[in-house]
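# Tertiary structure, described
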4 protein chains.
Amino acid sequence: MNSLRVGVLGATGIVGQQIIHRLRAHPWFRVTALAASERSAGKRYTDAAPWRIAEPIPKEIGALQIQTLNEEMDCDFVLSALDCSVAGDAEENFARRGTPVISNSSSHRMEPDVPLLIPEVNPDHIALVDAQRARRGFKSGFIVTNPNCSATGLALALKPIDDAIGIEAVSVVTMQALSGAGYPGVSSLDAADNVIPYIAAEEDKLETEPRKILGKLHGELIEPAGFRISAQCHRVPVSDGHLEAVSLKLRSKVSPEDVTEALREFRGEPQRLGLPSAPANPIEVREERDRPQPRLDRDAGGGMAVVVGRIRRCLVFDIRFVLLSHNLVRGAAGGAILNAELLAHAGYIVPRTVAAPSHNRAENFRPTLTHS
Amino acid sequence: MNSLRVGVLGATGIVGQQIIHRLRAHPWFRVTALAASERSAGKRYTDAAPWRIAEPIPKEIGALQIQTLNEEMDCDFVLSALDCSVAGDAEENFARRGTPVISNSSSHRMEPDVPLLIPEVNPDHIALVDAQRARRGFKSGFIVTNPNCSATGLALALKPIDDAIGIEAVSVVTMQALSGAGYPGVSSLDAADNVIPYIAAEEDKLETEPRKILGKLHGELIEPAGFRISAQCHRVPVSDGHLEAVSLKLRSKVSPEDVTEALREFRGEPQRLGLPSAPANPIEVREERDRPQPRLDRDAGGGMAVVVGRIRRCLVFDIRFVLLSHNLVRGAAGGAILNAELLAHAGYIVPRTVAAPSHNRAENFRPTLTHS
Amino acid sequence: MNSLRVGVLGATGIVGQQIIHRLRAHPWFRVTALAASERSAGKRYTDAAPWRIAEPIPKEIGALQIQTLNEEMDCDFVLSALDCSVAGDAEENFARRGTPVISNSSSHRMEPDVPLLIPEVNPDHIALVDAQRARRGFKSGFIVTNPNCSATGLALALKPIDDAIGIEAVSVVTMQALSGAGYPGVSSLDAADNVIPYIAAEEDKLETEPRKILGKLHGELIEPAGFRISAQCHRVPVSDGHLEAVSLKLRSKVSPEDVTEALREFRGEPQRLGLPSAPANPIEVREERDRPQPRLDRDAGGGMAVVVGRIRRCLVFDIRFVLLSHNLVRGAAGGAILNAELLAHAGYIVPRTVAAPSHNRAENFRPTLTHS
Amino acid sequence: MNSLRVGVLGATGIVGQQIIHRLRAHPWFRVTALAASERSAGKRYTDAAPWRIAEPIPKEIGALQIQTLNEEMDCDFVLSALDCSVAGDAEENFARRGTPVISNSSSHRMEPDVPLLIPEVNPDHIALVDAQRARRGFKSGFIVTNPNCSATGLALALKPIDDAIGIEAVSVVTMQALSGAGYPGVSSLDAADNVIPYIAAEEDKLETEPRKILGKLHGELIEPAGFRISAQCHRVPVSDGHLEAVSLKLRSKVSPEDVTEALREFRGEPQRLGLPSAPANPIEVREERDRPQPRLDRDAGGGMAVVVGRIRRCLVFDIRFVLLSHNLVRGAAGGAILNAELLAHAGYIVPRTVAAPSHNRAENFRPTLTHS
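Residues numbered from 1 in each chain as written. Chains lettered and ligands numbered in written order. Predicted model: local features only at pLDDT ≥ 70, side-chain atom pairs only at ≥ 80, totals over all residues. Heavy atoms only, no water.

### Examining the interface of chain B and chain A
- Taken together, the contact pairs 47 residues of chain B with 48 residues of chain A.
- Taken together, the two surfaces of chain B and chain A that pack against each other cover about 3,800 Å², and 52% of this comes from carbon and sulfur.
- Counting across the interface, chain B meets chain A through 8 salt bridges.
- Across the pair Arg310 of chain B and Glu203 of chain A runs a salt bridge, and its minimum N-O distance is 2.7 Å.
- For the pair chain B and chain A, the number of links is 32 residue pairs in polar contact (both at pLDDT 80 or more).
- Of all elements in the fold, only β7 (167-176), α8 (202-213), β10 (228-235), β11 (242-250), α11 (294-297), β13 (306-313) and β14 (319-325) of chain B reach the threshold of two or more residues within the side of chain B that touches chain A.
- Considering each element in turn, the side of chain B that touches chain A owes the most residues, 6 residues, to β10 of chain B.
- Classifying every residue of the side of chain B that touches chain A by side-chain character gives 26 nonpolar, 8 polar and 13 charged. (Contact = heavy atoms within 4.5 Å. Buried area = accessible area lost by both parts, 1.4 Å probe. Salt bridge = Lys/Arg side-chain N within 4 Å of Asp/Glu carboxyl O. Polar contact = N/O pair within 3.5 Å; in protein donor to acceptor, adjacent residues only side chain to side chain. Helix = DSSP H or I, 4+ residues; strand = E, 2+ residues; numbered from the N terminus. Nonpolar A, V, L, I, M, F, W, Y, C, P; charged D, E, K, R; others polar.)

Set out below in structure tokens:
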């Protein structure tokens, strides 16, 4: 079969479910193996996953037996949605044993030799994989991560502005969706008629990850972007879609129209290549004064576009705006899959030659692109 | 009877209801007359008001007939919860005809001779009343306003910090409750599973009102506070309680502990005087990392306290924190009543001598204070 | 162009929007004219409609100018989503002037010569159209209605049970979504953290409409089904999807499995014909003990399927279950469109010959069916 | 000190918290000891309880150390809010060791020698305590339970109707609040924009408990009430307050007015005695067509009154109505406390003579009643 085999780590969680859902008709990838914590291992997926997606579990996936994190998996690479409590070691082990690991977990994100990748923003950071392999003694395996769900939307929106104008400081206040906490996650009694002004470890991620993502690759090292970020994070009673109110101090005085244009015209490598999960526009700009709104805009670009609105002058900094991105799609499952697509296209993920013959193996996988 | 007679303008709206509710057992004030728009005029209050408060309409109020805004009212002063579309003229007329107007409406707030009053913050601004009377030819009447619901909480929290340390710039992002939009206000279809990143005219109020409130009175003029404010306002699906994420640039470097102390020890004139509606502490500081929360903290100090939490350093400015205040209480009905209490104590509101004998008149009203 | 031209009455409301949205790529129908109340008339649709659907307004529709309800419309038939306050006369007038009216409004539903049509349930009731024309002197025009949003789901679920077993009495308690009240509809302050145990006129509709729908056509009259219905209706804080808890007294003792089978195997005329909007299964039965749920199941069959779950014995009646149907789709816009499809297939809606030449006219419309 | 000492079992849960909160100023009872599961044992209450009540933990309670369920407690009786997974044995042990157990848990409710007590409904069932002691060999200890949160409201509303008219069958559909599931309980992702048509074990409780409560005591046995109950239970996104749509088949034809009068005039033993937690009216009848509503009516009678509305004829049975009761107050903590009050008044709970001298002991407790 002419596609790459995917193992999903953390398959029963809300991001694992989303990965499986989004790969149900993927042109390059198909799910062939699932792993999760001890509690689920040994069960059929149908019996173990508290499936929260309206469309049903794809039939062939429901019947798969869930493996432990220690077993060999029948796949060419893994997409990891593991909880950070176990992801560190488990992902390292998979990479060491030769499996490319495309991870949504936070465990390895800030390690200097691990790309923190958004294909539209820093595709050149893939080069870290070579340094990583050399330093850690990995052969075919490696680890590539995608950022935190809030950091992804922010970094995408900052990229064209930093390139065109230059950013000196960022103040961001988030209103994050419930699904960002996983399932069961936030108690309904905390969510009902309430806002919670605290999300564990979130502000730190949002203050550091974008600086790595927008950093410059110097040889084997990334020099973080020079601007400071202040983040205040809140959980609001919304199911999906993180909203962020952003203020920017810029290197030069520009008009809101300049910023609008930079955001609107932005395209990245996934758009140029026509990667399967790439939205036509990674950033959509809305002109209405009351958009973006989570319920109306979270599915823009199939959940892969960041929607920006209310671009206007700031009375304290220079420019402010509101952005929305779908935390489970662009900010998690879709972001990881897009990373895998870029890496497959670049030849980093290939059909794996396994000792035992596998009828599942992709003998001659070649990515087929929209534009090439 | 030994109490001041209150006329409520805009009595059927959500703030008018709250005023009536909060005066049901007030030691100084009792509601004796109601006015509202043409649509309600002539009806009994019970039949006209879409009462949204759990406790029932006070019996003697339910039977009152609603007057139009043009009629003479049997009262010593009015509390106005009129919509700003009609408040401007109506309140001016009441004041001109000799009735003190304590208003929650935005119409007159930014006029230079109208106090924008928070008793804990700028009680000296009452002196503007004399200038106002002179300039407008008012005799016993005058207009005093309380700030916008979001501006009230912010100004209260800024006051002790500006006094103790000095503020250079303020960045504030609000997450405001549905009741701030009145009734019926926000459609449930816009509120469900959603955040709306726009509230008409709100950001402008939040960027200007606190500067007037914290301004210095020079003779008959208020010089606005020197700091700039940037405000981004959002409507979140919460019934009551406005949450605000605040970042401050300060005149000197201080620790979060310094700010905590300044907020915690703050007391104002209402506390010193023991005004009936004054909370013991106008600002309550919480140490838990996930507070304040609207559902748990909006009723602090009977809804009259501002609750501040998460006071910490800001990576871009100097200090940041989260504050919560009850938009219908401190930010509207309760704030207006506290203003009336301060003005009654200061002798600006007195029993009105009317031509026709009124059995309702307060012959010998003297405010009784907790501490005096 | 080979399709039937649709005029949408009540185009700016929430059901009108849904009709426009659902016809954006319809194989038979295309929207060519819009009408609404005086307030919107004369404006472009883009400027008049408070569009609440995530996908944008179809481009060619956004530019259409909205007409009043009195003007001639360039269309072969109209789909009416008018408020019942104006629908009665307006629809009658359109029919009298020769335009087939497929209406979602309640105004004409219970009139004896107007079909209250669910294509899967009572397609034979179309025959009433001839009686209607004769009685009212209509020529090419006529009125056909679809039921109330709650009645639709109930009637669909009752049909196969009544056919197979026979129903003696129905007790139904509904938990209805906010969008059933239109936009702005329910105030967010009434919806927040609340249930409202009353929906104006709803219980009466739910107690009468299913009896007409399941009634037998005798000549030109429908004899209502013999069972009594008791309905208690509630508004719950859910955006879309009406849930109904149903108990049935049946003519003979049957097992839950019998009922399950009757529901599961049910197919109707739209399925046999392969009408464009027909779901593969009009009724989907779920076995999980906690389904159907509005958020997970309302889009079953593209929103056109009724989802039934928890079929079990009743300790008071015989059988009880829970059903869910999408109030805006099967219960309104989708139901009306399916009615139009059935009527177009049956030859009741045809390209209209108009005096003035119209470049929009469908010269040779012939419905293309999935299965024929 | 002249009050009875209370030990709270399951003190950290949402009902345990409510018990502690409601006893903070109780005239007869004061909390002197806390116990909970192993996980919390040994910690101070302040550190162990995820306190979800707006008012803070009473100071003297926060400092108490939590005991295990096996230790002796310094108290005259225990109020148990234990989870039913541990309540069965733990409560039995306390009773066997001599401690009266007033329990909110379901474990012992349906045992034939355990009163399932609502003081307004079946105070005579207390007599079962003697049979219980004899049968189980208890001396000073015993177990008395209060019903399930939904069953309590239903049984209270049925009582005066059954007495006055006679009930033949009951059909009830519930819309239950999130707090009924405890904390963390329902995931916010299941609650958001959703209704869940299933609550584990709930329907069975609602179909059996009211029949025991309204049953007749014959010697040492309760003969259950003769009517059948059909219950369908749903979880709705509301924080507190269970709503129930009820239809009744009655022994004789009566008017809605007759039922209204029976409900309105109903008073029970707690009202006659003036027990501290007794609401003036155990049942409040509302005339408005859209009441009761959870947000507006759940705190009626301090949360101890059942609010009934929409009393009208049923087209299938005889009479139907909607009722609301606060699941955490009347349906749990408040109900258990009222039971304790009745038992203390009846002399079943008395100051305990302990071997070791206790400075906490109530030497001369005598209940002081409002009316006596």
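### Some words on the nonpolar core
Residue and element names in this part refer to chain B.
- In this structure, Phe29, Tyr45, Phe77, Leu79, Ile102 and Ile349 are the most contacted members of the largest nonpolar core, which totals 56 residues.
- Looking at this core, the elements that each hand over two or more residues are β1 (4-9), α1 (14-22), β2 (29-35), α2 (45-48), β4 (77-80), β6 (142-145) and α12 (329-345).
- Counting residues per element, this core draws most heavily on α12, at 10 residues.
- Among residues more than four places away in sequence, those in contact with Ile349 are Leu4, Asp76, Phe77, Pro100, Ile102, Phe142, Ala340, Leu343 and Ala344. (Core = buried A, V, L, I, M, F, W, Y, C linked by side-chain atoms within 4.5 Å. Buried < 20%, exposed > 50% of the residue type's maximum accessible area, 1.4 Å probe, protein only.)

### With respect to the packing of aromatic side chains
- Inspection of every chain in the model, using the stated rule, returns 18 aromatic pairs over all chains.
- Centre to centre, the rings of Phe142 of chain B and Tyr348 of chain B are 6.0 Å apart; their planes meet at 80°, and the pair counts as edge-to-face. Of this pair, Phe142 of chain B sits in strand β6 while Tyr348 of chain B sits in the segment after α12; the two residues are 206 residues apart in sequence, bridging distant segments of the chain. Neither residue differs from the other here; Phe142 of chain B and Tyr348 of chain B are each classed as buried.
- With centroids separated by 5.1 Å and ring planes inclined at 65°, the aromatic side chains of Phe29 of chain C and Phe77 of chain C adopt a geometry described as edge-to-face. Here Phe29 of chain C is found in strand β2 (residues 29-35), whereas its partner Phe77 of chain C is found in strand β4 (residues 77-80), with 48 residues between them in sequence. In this structure, Phe29 of chain C and Phe77 of chain C share a single accessibility class: buried.
- The structure contains a cluster of three or more aromatic residues connected by ring pairs, namely Trp28, Phe29 and Phe77 of chain A. (Phe/Tyr/Trp six-rings, centres within 6.5 Å; stacked < 30°, edge-to-face > 60°.)

### Observations concerning the interface of chain C and chain D
- Contact with chain C, which involves 48 residues of that partner, is made by 48 residues of chain D.
- Interface of chain C and chain D: buried area, both sides summed, is about 3,900 Å²; carbon and sulfur atoms make up 52% of it.
- For the pair chain C and chain D, the interface holds 8 salt bridges.
- A salt bridge links Asp193 of chain C to Arg298 of chain D; the nearest nitrogen and oxygen atoms lie 3.1 Å apart.
- Summed over the shared surface of chain C and chain D, the number is 31 residue pairs in polar contact (both at pLDDT 80 or more).
- Those elements that provide at least two residues to the side of chain C that touches chain D are β7 (167-176), α7 (188-191), α8 (202-213), β10 (228-235), β11 (242-250), α11 (294-297), β13 (306-313) and β14 (319-325) of chain C.
- Looking at side-chain class alone, the side of chain C that touches chain D contains 26 nonpolar, 8 polar and 14 charged residues.

### Points about unusual backbone geometry
- Between Tyr183 of chain A and the following residue, Pro184 of chain A, the backbone shows a cis peptide bond with an omega angle of 0°.
- Residue placement: Pro184 of chain A occurs in the loop between β7 (167-176) and α7 (188-191).
- One non-glycine residue, Ala201 of chain A, lies in the positive phi region at around 70°.
- Relative to the elements of secondary structure, Ala201 of chain A occurs in the loop between α7 and α8 (202-213).
- Look at Asp193 of chain D: it is not a glycine, yet its phi comes out positive at around 55°.
- Within the element layout of this structure, Asp193 of chain D appears in the loop between α7 (188-191) and α8 (202-213).

### Considering the relation of the copies chain B and chain A
- Least-squares fitting of chain B to chain A yields an RMSD of 0.0 Å, with the transformation described by 0.0 Å of translation along the axis and a rotation of 180°. Overall, the copies show the geometry of a two-fold rotation axis.
- A share of 100% of interface residues in chain B that are also interface residues in chain A marks the association as one of identical surfaces. (Least-squares fit on C-alpha atoms with pLDDT ≥ 70 in both.)

### A few points about the side chain of Gln67 of chain A
All names here are of chain A.
- Summarising the element assignment, Gln67 is placed in strand β3 (residues 66-67).
- What makes Gln67 buried here is its relative accessible area of 14%.
- At 2.8 Å, the side chain of Gln67 forms a polar contact with the backbone oxygen of Glu72.
- For Gln67, the contacting residues outside a window of four places in its chain are Ala33, Leu34, Ala35, Ala36, Ala41, Glu72 and Met73.

### Some details on the sheet that holds strand β6 (residues 142-145) of chain C
Residue and element names in this part refer to chain C.
- If you walk across this open sheet you meet the 6 strands as β3-β2-β1-β4-β5-β6, and the pairing is parallel. This sheet does not close on itself; its edge strands, each paired only once, are β3 (66-67) and β6.
- Examined bridge by bridge, β4 and strand β5 (residues 100-103) share 3 bridges and lie parallel to one another. By the bridge assignment for β5, Ser80 is matched with Ser103. (Pairing = 2+ DSSP bridges.)

### Notes on the confidence of the model for chain A
Residues and elements named next belong to chain A.
- Of all residues in chain A, 96% attain a pLDDT of 70 or more, and the chain-wide mean is 95.
- In this model residues 355-361 is a low-confidence stretch, pLDDT under 50, and it forms 12 contacts with partners more than four residues away in sequence or in other chains.
- Two summary scores accompany this predicted model of the complex, namely pTM at 0.95 and ipTM at 0.94. (pLDDT = per-residue confidence, 0-100.)

### Quick look at the pattern of salt bridges
Residues and elements named next belong to chain D.
- The full count for this structure, using the stated rule, is 96 salt bridges over all chains.
- Measuring nitrogen to oxygen at the nearest pair gives 2.6 Å for the salt bridge that ties Glu288 to Arg286.
- A residue is classified by how much of its surface remains accessible, and Glu288, at 32% relative accessible area, is partly exposed.
- With a relative accessible area of 22%, Arg286 lands in the partly exposed category.

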